[in-house]
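Close look at the chain arrangement
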Amino acid sequence: MCFSRVATILLLAAMLAPAPVVAQGITVTDATGRKVVVGDSARTVSVGGSITEILYELGADGRIVAVDSTSQFPSRALNEKENVGYMRALSPEGVLGVSPSLILALKGSGPPQALSVLESAGVPMVMVGDDYSGEGILRKIHLVAWAMSLEERGQCLAKRVARDLETLTQWRAGIARPLRVVFVLSFVNGRAMVAGRKTAADGIIRMAGAVNAVDQFEGYKQLEDESMVAAQPDAVLVMVRSGAEPLTAREVFAHPGFALSPAASRHAFVAMDGLYLLGFGPRIAAAARDLAQKLYPDLQAPQSLGATPTPATVACDR
């Protein structure tokens, strides 16, 4: 990014900066280890679907001025708020143009050049971790609540999610033989793009009481047909995305890498909403339960884990 463009963006930030607020700043240690002073959260930009979901749960939606395109739950978020685009392709002009007083962004948002410009603009930016585990979502809730000065509601929401996770753990103990599951993102040049370790797909597979059939690598990788055959998955998991054509069981099981798999012989194919399945927000225990029910239909799942729980603003004020 050239110097003149950076200078222009910083000038824009200064012109659009909100009026100063008289408030005692709080210091937040974010997921990167940086100490960020937050003085005002009245004009918050939320980058990451799970962050937006947490903010709505905490009753802080009135402080959100913009969200990113992954903020699809609750469904009204993208209708009510400005959209700053996809979290990994942010435009500094678009973010600064809504005059934010605080930016909450999932770790992995970008590109890095855009984040550098936003930091240089002087807007407090808190990076929120996303490590795809039950403990990870609890840390995420506490950090977001802390940055918004809503610690009590955050503790209440975290306790509710922790109870859901404990219920899920107890129920999961009834699974006698964990199934081997592979998450297929897409087919690229005839090869399956699948999820390895340290991915949201790997995390939700494990939370649902199964094992990742392709855990020899981290991140996403295209596998040759021979490697896919050797993986011997018992079930195939895919996600459904708004506006995108989903993979179908017929398409996957017609592929040479899957045609002779145990998954194909059982016709074990699961398709679920992408944000619900992989978002790792407050509904994560319910998402893991719903996936487990599809993988283990004979196991009675706890109905207490609701996909649309009572918001913390209601439940925690009782």
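Residues numbered from 1 in each chain as written. Predicted model: local features only at pLDDT ≥ 70, side-chain atom pairs only at ≥ 80, totals over all residues. Heavy atoms only, no water.

**With respect to the confidence of the model for the chain**
Averaged over the chain, the pLDDT score is 89; the fraction of residues at 70 or greater is 87%. Across residues 1-24 the pLDDT falls below 50, and counting only partners more than four positions away or on other chains, this stretch makes 27 contacts in the model. (pLDDT = per-residue confidence, 0-100. Contact = heavy atoms within 4.5 Å.)

**Concerning unusual backbone geometry**
Across the junction of Phe 73 and Pro 74, the peptide omega takes the value -5°, indicating a cis bond. Within the element layout of this structure, Pro 74 appears in the loop between β4 (64-67) and α3 (77-80). At the junction of Gly 110 and Pro 111, the peptide bond is cis and its omega measures out at 5° in the coordinates. Looking at the element boundaries, Pro 111 is found in the loop between β6 (102-106) and α5 (112-120). Not every positive phi belongs to a glycine, and Ser 149 is a case in point at roughly 60°. (Helix = DSSP H or I, 4+ residues; strand = E, 2+ residues; numbered from the N terminus.)

**Re the pattern of salt bridges**
Across all of its chains, the model carries 14 salt bridges by this definition. With its nearest N and O atoms 2.8 Å apart, the salt bridge here joins Asp 290 to Arg 289. One exposure class covers both Asp 290 and Arg 289, and it is buried. Via salt bridges that share partners, Asp 30, Arg 34 and Glu 119 belong to a single interconnected network. (Salt bridge = Lys/Arg side-chain N within 4 Å of Asp/Glu carboxyl O. Buried < 20%, exposed > 50% of the residue type's maximum accessible area, 1.4 Å probe, protein only.)

**Comments concerning the environment of Ala 264**
Tracing the backbone through its elements, the reader meets Ala 264 in helix α11 (residues 262-266). Once the C-alpha coordinates of Ala 264 and Asp 234 are considered, the two residues, 30 residues apart in sequence, prove to be 8.1 Å apart. Excluding its chain neighbours within four sequence positions, the residues that come into contact with Ala 264 are Phe 253, Phe 258 and Ala 259.

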